[in-house]
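Letter by letter, the chains look like this.
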Amino acid sequence: MKKVSPVILLLFYTFSYSQKESEKISKSITGIQAGLIGLDVYNEMRISDHISLRTQVSLNPSLWGGDAYSETGFALSPSISIAPKFYYNISKRVNKGYSVKNNSGNYFSARLEYLPDLFVISNTKNVHVNDMISVIPNWGLRRNFASHFNYELRLGLGIGKILKKGYDPQIIPDISFKVGYDF
């Protein structure tokens, strides 16, 4: 009986079970997104056919005012985050004839975010933020329109901790709807 080379078996397995390129997420996407809550500059890099790693730098807004405050104010503070994203419906979208260009699909993610006290842009003097780290599981959907434009909805609930003594962990909601441009 003839022996079959392990290399031939590996090649057969790879070609017989590999997905079409159209059923995979994009290799790399760099873009910018803006919404009522913040501004993001991001890069999303493919790790596998359905998993990407999104890194981003954001400007997060804060607003205050009303009877409890002497003045109405706003602030923008930076944050950095990293989030693995699992696109669970790419193959289904392809089979239905929908576009998956630039990772158009539904996903689950787990975002790790760090909010440092580097700088704050505000209409009030001496505004600072406390250094904070958070982990937020999310569900989201991303869709593309026109040639390079997208919109993304993200919903999640996680936990955050201010990195100073005396602060307990707190629940962090994550609700975001942003429109963006992919370069």
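Residues numbered from 1 in each chain as written. Predicted model: local features only at pLDDT ≥ 70, side-chain atom pairs only at ≥ 80, totals over all residues. Heavy atoms only, no water.

What is the right way to look at the layout of surface pockets in this model?
Any empty space left between atoms is shown by rolling a water-sized probe over those atoms. Looking at the largest pocket, its volume works out to about 620 Å³. Together, 27 residues line the largest pocket, and N60, E113, L115, M132 and I172 are the ones closest to its centre. The set of elements that each furnish at least two residues to the lining of the largest pocket consists of β3 (51-64), β5 (105-115), β7 (132-145), β8 (149-162) and β9 (170-182). (1 Å grid on protein atoms, 1.4 Å probe; cavity = no way out; pocket = protein on both sides within 12 Å on 5 of 7 lines; lining within 4 Å. Points joined across faces, edges and corners; volume = space filled by probe spheres on them. Helix = DSSP H or I, 4+ residues; strand = E, 2+ residues; numbered from the N terminus.)

Is there a simple way to explain the environment of K101 in this structure?
Tracing the backbone shows K101 in the loop between α2 (90-95) and β5. Once the C-alpha coordinates of K101 and E23 are considered, the two residues, 78 residues apart in sequence, prove to be 9.8 Å apart. Those residues within four positions of K101 in sequence are excluded, and the remaining contacts are S26, N144 and S147. (Contact = heavy atoms within 4.5 Å.)

I'm lost on the pattern of salt bridges in this one. Help?
Close approach of charged atoms allows side chains with opposite charge to pair. Across all of its chains, the model carries 11 salt bridges by this definition. Note that R111 is salt-bridged to D174, the shortest N-O span being 2.6 Å. Residue R111 is found in strand β5, and its partner D174 is found in strand β9; the two are separated by 63 residues along the sequence. In this pair, the class of R111 matches that of D174, namely buried. R154 is paired through a salt bridge with D174; the nearest N and O atoms lie 2.9 Å apart. One end of the pair, R154, is in strand β8; the other, D174, is in strand β9, with 20 residues separating them in the sequence. Just as R154 is buried, D174 falls in that class too. A single network of salt bridges, built from pairs that share partners, joins E44, R54, K85, R142, E152 and D182. (Salt bridge = Lys/Arg side-chain N within 4 Å of Asp/Glu carboxyl O. Buried < 20%, exposed > 50% of the residue type's maximum accessible area, 1.4 Å probe, protein only.)

Honestly, it's all geometry; don't read function into it.
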